[in-house]
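Chains, contacts and geometry: an overview
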Amino acid sequence: MELRQLRYFVAVAEELNFGRAAERLLIAGPSLSQQIKALERDLGVRLFDRDRRSVTLTPAGAALLPHTRNLLANADDLRNRAARISGSEPVRLGYVNWIPADLNTRASAVARLHIDAWVAPSHTQAARVADGSLDLAVCWVDGPTLERLGLNARLLGADRLYAVTTGRDAAPVRAGEVAVLLDDDATSWRSWNIYAQQLADDAGARTVQITDGGVTGPAFFDHVRRARRPLVNSPKGQSTPLPPDLVQRPIIGPKVYWTWSLVWRRNEVRAAVLATIDALAEHVTDPGIHDPDAWLPATDPHKP
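Only a predicted model underlies this, so the values are computations on that prediction, with no experimental measurement involved.

Concerning helix 9 (residues 218-226)
Buried within helix 9 we find F220, F221, H223 and V224. The buried residues of helix 9 occupy an angular sector of 155° when projected down its axis, which confines them to one face. For helix 9, the exposed residues lying more than 90 degrees away from the buried face are P218 and R226. Buried residues along helix 9 sit against strand 7 (162-166), strand 9 (179-183), strand 10 (206-210), strand 11 (231-232) and strand 12 (246-252).

Comments concerning the pattern of salt bridges
According to the stated counting rule, one finds 20 salt bridges in the structure shown. Between R24 and E15 there is a salt bridge, with the nearest N and O atoms lying 3.2 Å from each other. Looking at R24, the relative accessible area reads 42%, which means it is partly exposed. R249 is the salt-bridge partner of D169, the closest N and O atoms lying 3.7 Å from each other. Highlighted residues: D169 in the loop between strand 7 and strand 8 (173-174) and R249 in strand 12, separated in sequence by 80 residues. Judged by relative accessible area, D169 falls into the partly exposed class, the value being 42%. Overall, the relative accessible area of 14% leaves R249 in the buried class. A cluster of three or more residues bridged by salt bridges with shared partners is formed by E14, E15, R20, R24 and R69.

Brief notes about the nonpolar core
Judged by nonpolar contacts, the single largest core of 63 residues is most densely connected at L93, L136, W192, Y195, V232, L262 and V263. For this core, the leading source of residues is helix 10 (residues 271-281), giving seven residues. Apart from the residues lying within four places of it in its own chain, the contact partners of L93 are I99, L103, L113, H114, I115, D116, L134, L136, V138, L262 and L280. Formed by 19 residues, the second largest nonpolar core is a distinct cluster that contains Y8, V12, I27 and I36.

Concerning the pairing of strand 3 (residues 90-95)
One ladder, built from four bridges, connects strand 3 with strand 4 (residues 112-115); its direction is parallel. If you follow R92 over to strand 4, its bridge partner there is H114. The pairing of strand 3 with strand 5 (residues 136-139) spans three bridges and is parallel. Looking across to strand 5, one finds that L93 is bridged to L136.

Definitions and cut-offs
- In this numbering scheme, every chain counts its residues from 1 along its sequence in written order.
- It should be noted that, the model being predicted, local features are given only for residues of pLDDT at least 70 and side-chain atom pairs only at 80 or more, the latter also being counted only at that level, while totals for whole chains, interfaces and linings use all residues.
- With hydrogens and water stripped out, all remaining heavy atoms of the structure feed into the side-chain values.
- Categorising residues by exposure relies on relative accessible area from a 1.4 Å probe, with only protein chains included: less than 20% of the type maximum marks a residue as buried, more than 50% marks it as exposed, and the intermediate range marks it as partly exposed.
- Helix and strand assignments come from DSSP, with helices taken as H or I runs of at least 4 residues and strands as E runs of at least 2, each series counted from the N terminus.
- Directions are taken from the helix axis to each C-beta atom, and the arc is the one they span.
- What makes two residues a contact is simply this: any of their non-hydrogen atoms within 4.5 Å.
- Just to be clear on terms, a salt bridge is a Lys or Arg side-chain nitrogen sitting within 4 Å of an Asp or Glu carboxyl oxygen.
- As used in this record, nonpolar core signifies buried Ala, Val, Leu, Ile, Met, Phe, Trp, Tyr and Cys residues forming a set joined through side-chain atoms within 4.5 Å.
- Strand pairing follows a simple DSSP-based rule, namely that at least 2 bridges must link the two strands.

Laid out in structure tokens, this is it:
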């Protein structure tokens, strides 16, 4: 049970309409319905009676509503008190190549966020959090790494990866018909290699071993031109313009996603850090990774 789900419960109870509540909460209707069902499972009671024309509170839902409002009010008060205590304390955050555009705005009410200038691979940033060099990091991480380093993770975002090929055919391509690069330089590309190998194992993508760091950048485009199959782009290439002789193709069957996690130490006790985690991750909505045709590695901590 999460505070986010309780806020969803209150919104639906006030609107008595899932569509209006979803618009108010800025989330998709199916995601809202799934979260309410999950909350009902956790509580062990049905909160709403619903049919095609109406939504009403059950007796249990009506009884729990005022208590839920009080709990949320107390949580908001706790957050505000923590913000006043920790607002002048710096929190150090590292990242790989992506952070939310409004990162500082989200954190400004609770801490002084310092974004570290050293942009490093995901496994490096996770290790820096574990050894105390950083308080937080935005990176890709899998479950075994979280266990080994003693870290927690919350979803902050996700990229849907696509394939790149020569020519002008921009039609979708199935995951089993693409290739994915594996680089011999495990120091730089460890996280990508783990992810790419799982994609090959699960979805039937073909692996191509390289030695030149061409997972991204101009060298990647050279590999595309030599490849016999469309090549999967890395998340570091999401915003790089394509040369005119290459084309982007959506991957389907399944859609392929790369998640970005906010990670922190499991023994973290500093109020500023904990408040920043909530401020950054509390209102993150499903970026598509829970869709029936979405793929994540089996070890991804956010896999349904």
